[in-house]
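Summary of the model geometry
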Amino acid sequence: MRAPPPALRLSVQFASAAHRAELPRHRLARWVRAALRAGPAEPGLRDAASPDAAAEITLRFVTADESRELNRSYRGKDYATNVLTFDYQPWPPAADIVLCDAVVAREAAEQGKPMQAHYAHMVVHGVLHAMGWDHENEADAERMEAAERELLRTLGFADPYA
């Protein structure tokens, strides 16, 4: 059995309010807490952390212009992207997670998914990145995707990769 997730300090910012009504804080917090249950990519990090330390996560919802600028500035990629994670500490995680409303909505439509399901996936994906999970090679991608599938299943969402 996994250890319980750390306490959570969650900040939610809407630079773009396009989907604000569909993303109440309690729902976002539920998605973040679900992802925190997976723990850090390196399990030994959990053991070394102070048990009373809280995760500090900021979710920022932005326009395509802001997403593109951040992606260009920090990743050298000149396009808006669905989610960017700026991780400062893997456990307990401290991160800023930036989600682009236009990209998430477009991808949900293209993939025939409910927008809520895709937002949940992107939040879980961003929080896993904040804890050191990655998909740079096939083995890591398979491990991360399996964790996302299980976490989203526990939240009542279908397999995001189906």
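As the structure is a computational prediction, the values presented were derived from the model and not from experiment. Per chain, residues are indexed from 1 in the order of the written sequence. Given that this is a predicted model, residues contribute local features only at a pLDDT of at least 70 and side-chain atom pairs are listed and counted only at 80 or more, while totals for whole chains, interfaces and linings are drawn from all residues. Heavy atoms throughout the structure, all of them, feed into the side-chain values; hydrogens and water do not.

**Some thoughts on the overall build of the chain**
In plain terms, the rule: Secondary structure counts use DSSP, requiring at least four H or I residues in a row for a helix and at least two E residues in a row for a strand, with both numbered from the N terminus. Each radius of gyration reported is based on C-alpha atoms, and the globular scaling rule is 2.2 Å times the count of residues to the power 0.38. Between buried and exposed lies partly exposed: a residue is buried under 20% and exposed over 50% of the maximum accessible area for its type, with that area taken using a 1.4 Å probe on protein chains only. Every residue pair with non-hydrogen atoms within 4.5 Å of one another is taken to be in contact. Note on areas: these come from Shrake-Rupley sampling with a 1.4 Å probe, and a residue is covered only by the protein chains present in the view. We count Lys and Arg on the positive side and Asp and Glu on the negative side, and we leave His and both chain ends out. For this purpose, a charge sits on NZ of Lys, CZ of Arg, CG of Asp or CD of Glu.
Assigned secondary structure in the chain consists of six helices and four strands. When the elements of the chain are put in sequence order from the N terminus, they spell out β-α-α-β-α-β-β-α-α-α. Against the globule reference of 15 Å for 162 residues, the chain gives a C-alpha radius of gyration of 15 Å, in line with a compact fold. In terms of principal-axis extent, the alpha carbons of the chain reach across some 40 × 35 × 30 Å. Going through the 162 residues of the chain one by one, you find that 46% of them count as buried. If you take every contact in the chain between residues at least 6 apart in sequence, the share linking residues at least 24 apart comes to 63%. Just so you have it, the chain exposes about 8,400 Å², and 49% of that area is on carbon and sulfur atoms. Considering the chain, the positive charge centre built from 19 side chains and the negative charge centre built from 23 side chains are found 6 Å apart.

**Observations regarding the nonpolar core**
Spelled out, the test is: In plain words, nonpolar cores are sets of buried Ala, Val, Leu, Ile, Met, Phe, Trp, Tyr and Cys residues tied together by side-chain atoms within 4.5 Å.
Counting 40 residues, the largest nonpolar core has W31, V32, L59, L99 and L128 as its most contacted members. Sorting the residues of this core by element identifies β1 (8–14), α1 (25–36), β2 (55–62), β4 (93–100), α5 (115–130) and α6 (138–154) as the ones contributing at least two each. Ranked by residue count, the leading element in this core is α5, at nine residues. Judged by nonpolar contacts, the second largest core, of seven residues, contains V62, L84, C100 and V103.

**Quick word on the sheet that holds strand β3 (residues 83–90)**
To be explicit about the condition: Only strands that DSSP links by at least two bridges are regarded as paired with each other. A fitted line through C-alpha atoms represents every axis, and for helices the fit uses only the stretch in contact; the resulting angles, taken between N-to-C directions, go from 0 to 180 degrees.
Read across the sheet, four strands follow the order β1-β2-β4-β3 without closing on themselves; strand pairing throughout is mixed. Bordering the open sheet on either side are β1 and β3, each of which pairs with just one other strand. On average, each strand axis in the sheet is tilted by 10 degrees relative to the strand beside it, whichever way the strands run. Packed on one face of the sheet, helix α4 (residues 101–111) meets β2 and β4 and runs near 65 degrees to β4. Here α5 sits on the sheet and contacts β2, β3 and β4; the angle it forms with β3, its principal contact strand, is near 35 degrees.

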